[in-house]
Amino acid sequence: MSGSKSFDISKHVVFEAYRRVRANRGAAGVDEQSIEEFERDLKGNLFKLWNRLSSGSYFPPPVRMVEIPKPAGNGVRILGVPTVADRIAQTVVAMYLEPGVEKVFHPDSYGYRPGRSALDAVGVCRDRCRKTDWVIDLDIQGFFDNLDHDLVLRAVAHHTDLPWVLLYVRRWLIAPLQRLDGTLIRRDRGSPQGSAISPLLSNLFMHYAFDAWMAREFPAIEFERYCDDVVVHCRTEAMAYRVRQAIADRLAECGGLQLHPVKTRIVYCKDGRRRGSAEHTSFTFLGYEFRVRLARTRTGKFLFGFNPAISKDAGKRLRRQIRSWRLHLRSGSALEQLADEVNLVVRGWINYYGRFRPSELHFTLHRINHYLVRWIMQKFKRFRGRERRAWQALHRVAAANPTMFIHWRYVRP
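Notes on the structure follow. (Residues numbered from 1 in each chain as written. Predicted model: local features only at pLDDT ≥ 70, side-chain atom pairs only at ≥ 80, totals over all residues. Heavy atoms only, no water.)

**Focus: the packing of aromatic side chains**
Turning to step 1, where the next piece is worked out: With the rule as written, the count across this model stands at 21 aromatic pairs.
Turning to step 2, where the next piece is worked out: Ring geometry for W134 and Y268: centres 4.8 Å apart, planes at 35 degrees, overall tilted. Of this pair, W134 sits in strand β3 (residues 134-139) while Y268 sits in strand β8 (residues 265-268), placing them 134 residues apart in sequence.
Turning to step 3, where the next piece is worked out: What makes W134 buried here is its relative accessible area of 8%.
Turning to step 4, where the next piece is worked out: Among the residues examined, Y268 registers a relative accessible area of 7% and is labelled buried. (Phe/Tyr/Trp six-rings, centres within 6.5 Å; stacked < 30°, edge-to-face > 60°. Helix = DSSP H or I, 4+ residues; strand = E, 2+ residues; numbered from the N terminus. Buried < 20%, exposed > 50% of the residue type's maximum accessible area, 1.4 Å probe, protein only.)

**Some remarks on the side chain of H233**
Turning to step 1, where the next piece is worked out: Within the fold, H233 resides in strand β7 (residues 229-234).
Turning to step 2, where the next piece is worked out: On the basis of relative accessibility, which here comes to 2%, the residue H233 falls in the buried class.
Turning to step 3, where the next piece is worked out: There is a polar contact of 2.8 Å between the side chain of H233 and the side chain of E224.
Turning to step 4, where the next piece is worked out: Look past the residues within four positions of H233 in its chain and what remains in contact with it is C125, R128, C129, T132, W134, V135, I221, E222, F223 and E224. (Polar contact = N/O pair within 3.5 Å; in protein donor to acceptor, adjacent residues only side chain to side chain. Contact = heavy atoms within 4.5 Å.)

**Digging into the pairing of strand β11 (residues 302-310)**
Turning to step 1, where the next piece is worked out: The pairing of strand β10 (residues 288-296) with β11 spans nine bridges and is antiparallel. The residue bridging Y288 from the neighbouring strand is I310, located in β11.
Turning to step 2, where the next piece is worked out: In sequence, β10 turns back onto β11 through a hairpin of five residues, with G300 there showing a positive phi of about 95 degrees. (Pairing = 2+ DSSP bridges.)

**Here we look at the nonpolar core**
Turning to step 1, where the next piece is worked out: Core analysis: the largest hydrophobic core is formed by 69 residues, its most contacted members being I88, F205, F210, M214, V232 and I247.
Turning to step 2, where the next piece is worked out: In terms of residue count, the dominant contributor to this core is helix α4 (residues 84-102) (10 residues).
Turning to step 3, where the next piece is worked out: Setting aside its immediate chain neighbours within four residues, I88 contacts V14, A17, Y18, V21, F38, L46 and L49.
Turning to step 4, where the next piece is worked out: Counting 53 residues, the second-largest nonpolar core is a separate cluster that includes A118, L286, Y288 and L365. (Core = buried A, V, L, I, M, F, W, Y, C linked by side-chain atoms within 4.5 Å.)

**Structural notes on the sheet that holds β11**
Turning to step 1, where the next piece is worked out: With respect to topology, three strands assemble into an open sheet ordered β9-β10-β11, the strand pairing being antiparallel. Either end of the sheet is taken by a strand with one partner, and the two such strands are β9 (283-285) and β11. This sheet shows a mean twist of 50 degrees between the axes of neighbouring strands, independent of strand direction.
Turning to step 2, where the next piece is worked out: In the sheet, β9 pairs with β10 via three bridges, with the strands oriented antiparallel. Opposite T284, over in β10, you have E289 as the bridge partner.
Turning to step 3, where the next piece is worked out: Each of β9, β10 and β11 is contacted by helix α5 (residues 118-131), which is oriented at about 60 degrees to β10, the strand it contacts most. (Axes fitted to C-alpha atoms, helices over the stretch in contact; angles between N-to-C directions.)

Here it is as structure tokens:
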């Protein structure tokens, strides 16, 4: 390492950060440079980035603003897409910062942490709903848009003695968003979703704003948090209301964050044993809807339990994507080609939404079979107008090649 550099940053870390960014792919930023274009002069681009980071002269470019519609027409979610080089730079800082903060994070924080997943959080939430009667389903209004920069920087400073980490985090926090028309939006608070450093910064903020505070003020109360998505378990309704108010007051102290007045709800985990009633008896957490469901025990008995399964909104989103493939109009493609394309996506659906009560996913998966039947009717003249025969043909294909489509393991045509 050259002695003329202001900061001692490893070239090996920069290269590893590039590898991680490459594995995650992602869209181009404001410079419209793709990862493939960046790699055309990989050695030169990485050296230039390392040189600027090490000398303190790296200034992030604006972040491309993308508006993503929220489910059920509930407005839009703002995503920020940094350039490839900026994503690598952010990953470098995250790699230096993460080992220190990971040691102090709460065991019930699951979002964007090594060795933890959303499914882990769903599983723990299910088990705790069986033990406690009430849940606070928290929704923090505009969380990513309203993060207090000063509080974030104080949290970062508490966990690093590297001045360049703090320097670049400060620069990323104030980097402007760039609209499609090229106009810039200056920012004095918030951290747009989509950046490589944002998950770590939001976790660090919530550790002090919520996790550590809950452990101190309500040590007997359990919760699961995945970034800003939080479920809190309480034994009584009165306790749930008291804790919700305390949480609201706490978040207001932390940069003026607010709980959503409608989406934050007190939920009764009603099942076959709990005979009471309440305004809300279900909630959604990480794409899973928790509510009373008929379940069969290992001994063969049936009972009503409070269990998770794919949510209605998630199911609708998956079925919209299936429709968007327009498989029935792909008569020029072979069935094997369709299978390869479909399996790439459906495998992920099954791995995630099939973990708990997979039978609830079957209706959505069966929609693929309907489109394949229409594909047969469109591709082969002898099946046109003969849907029953097309179903029989698809059944024969599935019987002869049961692993062609991954969803055939669960819903045969």
